[in-house]
Amino acid sequence: MSRKRPIASAKRTRTARTFDEVPKKSKVVLLSCGSFNPVTNMHLRMFELARDHLEDTGRYEVVKGILSPVGDGYKKIGLIEASHRVEMAKLAVESSSWIEVDSWESRQADWQETVKVLRHQQQELLSQEPDTDVVGTAKPGRKRKRMDASSATKRRKLEEPDIAPKKTGNNWSFPLHSPFAFLLHYAAPLDGVEIIGISAASSGEPRVMLLCGADVLESFGVPGLWKPQHIEEIASTFGLVCITRGGSDAEAFIQGSDLLLPHRSNIHVVQEWVANDVSATRIRHGLRCGHSVRYLLPDPVLGYIQERQLYNAESEQRNEGVVLAPLQKCARTQE
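Residues numbered from 1 in each chain as written. Predicted model: local features only at pLDDT ≥ 70, side-chain atom pairs only at ≥ 80, totals over all residues. Heavy atoms only, no water.

### Considerations on the packing of aromatic side chains
Line of reasoning, step 1. Counted under the stated rule, the structure contains three aromatic pairs.
Line of reasoning, step 2. An angle of 80° between the planes, with centres 6.0 Å apart, marks the rings of Phe-47 and Trp-98 as edge-to-face. Of the two residues, Phe-47 sits in helix H1 (residues 41-56) while Trp-98 sits in the loop between helix H2 (82-92) and strand S3 (99-101), which places them 51 residues apart along the sequence.
Line of reasoning, step 3. For Phe-47, a relative accessible area of 0% corresponds to the buried category.
Line of reasoning, step 4. Look at Trp-98 and you get buried, because its relative accessible area is 9%. (Phe/Tyr/Trp six-rings, centres within 6.5 Å; stacked < 30°, edge-to-face > 60°. Helix = DSSP H or I, 4+ residues; strand = E, 2+ residues; numbered from the N terminus. Buried < 20%, exposed > 50% of the residue type's maximum accessible area, 1.4 Å probe, protein only.)

So, in structure tokens, the structure goes:
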């Protein structure tokens, strides 16, 4: 005689994790601003270290790296022409599948503050329209999906982001996708109102983060070199990835900074796990002395330098006696 299975008092339910429950990774573009005089293997190595660190957290996907050489208006002693530095940077990244060179900063007549370069790059990213299947456009290899006017209007309303600036007290913030954001480049200060920056990118939008060495981070403490509001905007709105090396203590500097400490969660400190003290200054010195600098910078870059005899005693004296552009600007604002 067969026994009947007892009827369960409650139905067993199966739960599945929906797509929306899976944590979304923030897309990041790493931006490195600097002289690159010349670009070295260490400059490129910083991108690799930063990408590994961010992606190992499980919260980020690094989609691009950008080298942005500073313009001639920076007036740093020994800084050769931007045209040469841009070309060397392009040669250096030829072997990379994800790092590129942007010449916008180098082509400006006047020196551009780092925060303005960050804003420019963020706006450039957001101005690149993604592929869509609406009538008039199509992804490669796919048929166009036709949509009537009513449906297209509904879709636009659903996808249309909030572009209105937001005010908190006397502070204004502008969404990254907002046309108002361009005011941050050009608007004069308003009486009683402080424009503090562009708000963080919404989900799915790529986010630019500043990639720098510990020397740049510590330069935030040099009087007159950086505007306090710019430091705060970089740390709060964009974020930093700082690559440290021997002799620097980025953590201690952050802990002692009233501007950086409130945004500690937005600052990533990465320790170079292979001791490397390569610097452009030492490479220029080696070139002037006739010493070999091979394997300290990419071979195509070295070939470019040797062919044009770029670094010598004369080039090292360029801008000698000229005040660095940031300090000039600081002096003018105090007059």
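### Notes on the sheet that holds strand S1 (residues 26-34)
Line of reasoning, step 1. Within the open sheet, the six strands sit side by side as S3-S2-S1-S7-S8-S9. Their pairing is parallel. What marks the edges here is a single partner per strand, and that holds for S3 and strand S9 (267-271). With strand direction ignored, the average angle separating the axes of adjacent strands in the sheet is 25°.
Line of reasoning, step 2. Across three bridges, the pairing between strand S2 (residues 60-69) and S3 is parallel. Pairing of Gly-65 across the sheet is with Ile-99, part of S3.
Line of reasoning, step 3. In the packing of H1 onto the sheet, the strands contacted are S1, S2, S3, strand S7 (207-213), strand S8 (240-244) and S9, and the crossing angle to S2 comes to about 160°.
Line of reasoning, step 4. Across the face of the sheet, helix H4 (residues 114-127) comes into contact with S1, S2 and S7 while running at roughly 145° to S7. (Pairing = 2+ DSSP bridges. Axes fitted to C-alpha atoms, helices over the stretch in contact; angles between N-to-C directions. Contact = heavy atoms within 4.5 Å.)

### Things to note about H2
Line of reasoning, step 1. Residues of H2 that are buried include every one of Ala-82, His-84, Arg-85, Val-86, Met-88, Ala-89 and Ala-92, and no others.
Line of reasoning, step 2. Close packing links the buried residues of H2 with H1, S2, S3, helix H3 (104-107) and helix H11 (299-308).

### Overview of the packing of H4 against helix H8 (residues 228-238)
Line of reasoning, step 1. Running from N to C, H4 and H8 cross one another at 35°; their axes reach a closest spacing of 9 Å. Of the two possible hands of crossing, H4 and H8 adopt the one that is left-handed. In contact with Thr-114, Val-115, Leu-118, Arg-119 and Gln-122 of H4, H8 contributes His-230, Glu-233, Ile-234 and Phe-238. (Left-handed = near helix turned anticlockwise from the far one by under 90°.)

### Let's talk about the pattern of salt bridges
Line of reasoning, step 1. According to the stated counting rule, one finds 15 salt bridges in the structure shown.
Line of reasoning, step 2. For Glu-81, the salt bridge goes to Arg-318, with nearest N and O atoms at 3.6 Å. With Glu-81 in the loop between S2 and H2 and Arg-318 in the loop between helix H12 (313-316) and helix H13 (325-334), the pair connects residues that are 237 residues apart, well separated along the chain.
Line of reasoning, step 3. The exposure class of Glu-81 is partly exposed, given its relative accessible area of 36%.
Line of reasoning, step 4. The class of Arg-318 is partly exposed, set by a relative accessible area of 31%.
Line of reasoning, step 5. The partner of Glu-316 in a salt bridge is Arg-284, with the nearest N and O atoms 3.1 Å apart. Of this pair, Glu-316 sits in helix H12 while Arg-284 sits in helix H10 (residues 280-288), and the two are 32 residues apart along the sequence. (Salt bridge = Lys/Arg side-chain N within 4 Å of Asp/Glu carboxyl O.)

### Considerations on the nonpolar core
Line of reasoning, step 1. Core analysis: the biggest nonpolar cluster contains 39 residues, and Leu-30, Leu-54, Leu-67, Met-88, Val-241, Ile-243 and Ile-305 have the highest contact counts within it.
Line of reasoning, step 2. Among the elements that take part in this core, H1 stands out by supplying seven residues, more than any other.
Line of reasoning, step 3. Those residues in contact with Met-88 that lie beyond four places of it in its chain are Pro-38, Val-39, Ile-80, Val-301, Tyr-304, Ile-305, Leu-310 and Tyr-311.
Line of reasoning, step 4. Residues Leu-79, Trp-104, Val-117 and Val-208 belong to the second largest nonpolar core, which totals 33 residues. (Core = buried A, V, L, I, M, F, W, Y, C linked by side-chain atoms within 4.5 Å.)

### Considerations on the packing of H2 against H11
Line of reasoning, step 1. The interhelical angle for the contact between H2 and H11, taken along N-to-C directions, is 145°, at an axis separation of 8 Å. Contact with H2, carried on its side by His-84, Glu-87, Met-88, Leu-91 and Ala-92, involves Pro-300, Val-301, Tyr-304, Ile-305 and Arg-308 of H11 and no other residues of that element.
Line of reasoning, step 2. Residues belonging to the contact of H2 with H11 are distributed by class as follows: seven nonpolar, one polar and two charged. (Nonpolar A, V, L, I, M, F, W, Y, C, P; charged D, E, K, R; others polar.)

### Considering H11
Think of an α-helix as turning once every 3.6 residues; residues three or four places apart then point the same way.
Line of reasoning, step 1. Buried within H11 we find Val-301, Leu-302, Tyr-304 and Ile-305. Projected onto a plane normal to the axis of H11, the buried residues spread over an arc of 160° and lie on a single side. Looking at H11, the residues exposed on the side facing more than 90 degrees away from the buried face are Gln-306 and Glu-307.
Line of reasoning, step 2. Buried residues in H11 make contact with H2 and H10.
Line of reasoning, step 3. Gln-309 occupies a position one or two residues after H11 and carries a positive phi of about 50°. (Arc of directions from axis to C-beta.)

Everything listed here is a matter of geometry and, on its own, says nothing about what the molecule does.
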